[in-house]
Amino acid sequence: MMMRKLISSGVAVAGMVMVMAGSSVAMAASSIDEGKAIAFDKKKGNCLACHRIEGGRMAGDIAPPILLMKVRYPDKKALRDQIWDATAANPNTVMPPFGRHHILSDAEVDKVTDFIYSL
Ligand code: HEC
């Protein structure tokens, strides 16, 4: 009887751990998807106006294509900083300072960063 209880609670714990692991994976994936939607939305990031990004259509070509971001930005925070305020790195850039000018919220900048970092 005791043994059975132990086994069943062990199974329950294992089940919970799996559910938790599963939901964190799902969260990361949906953050990337949401970031992609924000990046491609003409009223939000509108990154495609200037950048070629995989999966985007009718992209502009006045800025470098967004690819290999993990190689370009080993430090993810530097990528977030670029999206938050591109004028910090280049005062003459035409890229809008999305965070500083409240074009995107903090959470939106995080999601766009997650998406861009996955490219
Ligand atoms: C109006 C045009 C424009 C828009 C819109 C724009 N960018 Fe940019 N972006 C640029 C330009 C131009 C550069 C080149 C660097 C510079 O100007 O300092 C750049 C550079 C970058 C870089 C650095 C690329 C590298 O290889 O170092 C990233 C990352 C980036 N943009 C992300 C984004 C994201 C994400 C969005 C949308 C949320 C976006 N940009 C929207 C014009 C734009």
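What counts, and where the lines are drawn
Residues numbered from 1 in each chain as written. Predicted model: local features only at pLDDT ≥ 70, side-chain atom pairs only at ≥ 80, totals over all residues. Helix = DSSP H or I, 4+ residues; strand = E, 2+ residues; numbered from the N terminus. Buried ≥ 20, exposed ≤ 12 C-beta atoms within 10 Å, placed from the backbone. Contact = placed C-beta atoms within 7 Å. Near = placed C-beta within 6 Å. Nonpolar A, V, L, I, M, F, W, Y, C, P; charged D, E, K, R; others polar. Axes fitted to C-alpha atoms, helices over the stretch in contact; angles between N-to-C directions. Parallel < 35°, antiparallel > 145°, perpendicular 65-115°, else oblique. Left-handed = near helix turned anticlockwise from the far one by under 90°. Core = buried A, V, L, I, M, F, W, Y, C linked by C-beta atoms within 7 Å.

With respect to the overall build of the protein chain
In terms of regular secondary structure, the protein chain is built from four helices and zero strands. Each helix and strand of the protein chain, ordered N terminal to C terminal, gives the series α-α-α-α. Expressed as a percentage of the 119 residues in the protein chain, the buried residues total 19%. Sequence separation of 24 or more characterises 48% of the internal contacts of the protein chain that already satisfy a separation of 6 or more.

With respect to the site of the ligand
In the region of the ligand, 25 residues are neighbours, and G45, C47, C50, A63 and N90 sit closest. Element by element, the count of residues in the shell around the ligand is highest for helix α3 (residues 76–84), at three residues. Partitioned by chemical class, the residues of the shell around the ligand number 18 nonpolar, six polar and one charged.

Looking at α3
Burial in α3 covers these residues: Q82, I83 and W84. The inward-facing, buried residues of α3 abut α4 (106–117).

A look at the environment of R72
With respect to the element layout, R72 can be found in helix α2 (residues 69–72). Owing to 14 C-beta atoms within 10 Å, R72 belongs among the partly exposed residues under this scheme. Measuring from C-alpha to C-alpha, the distance between R72 and Y117 comes to 9.7 Å, with 45 residues separating the pair along the chain.

A closer look at the packing of α3 against α4
Interaxial distance between α3 and α4 falls to 10 Å at its minimum, and their mutual angle equals 125 degrees. On the basis of their axis angle, the class for α3 and α4 is oblique. Crossing of α3 over α4 shows right-handed handedness. Along the contact surface, α3 presents K76, L79, R80, I83 and W84, while α4 presents V109, V112, T113, I116 and Y117. In the contact of α3 with α4, the residues fall into seven nonpolar, one polar and two charged.

Brief notes about the nonpolar core
Side chains of nonpolar character tend, in soluble globular proteins, to be buried together. The biggest cluster of nonpolar side chains holds 13 residues, and the ones touching the most others in it are A39, I83, F98, L104, V109, V112 and I116. For this core, the secondary-structure elements that each account for two or more residues are α1 (2–40), α3 and α4. Beyond its immediate sequence surroundings of up to four residues, V112 is in contact with G35, I38, A39, G45, I83 and L104.

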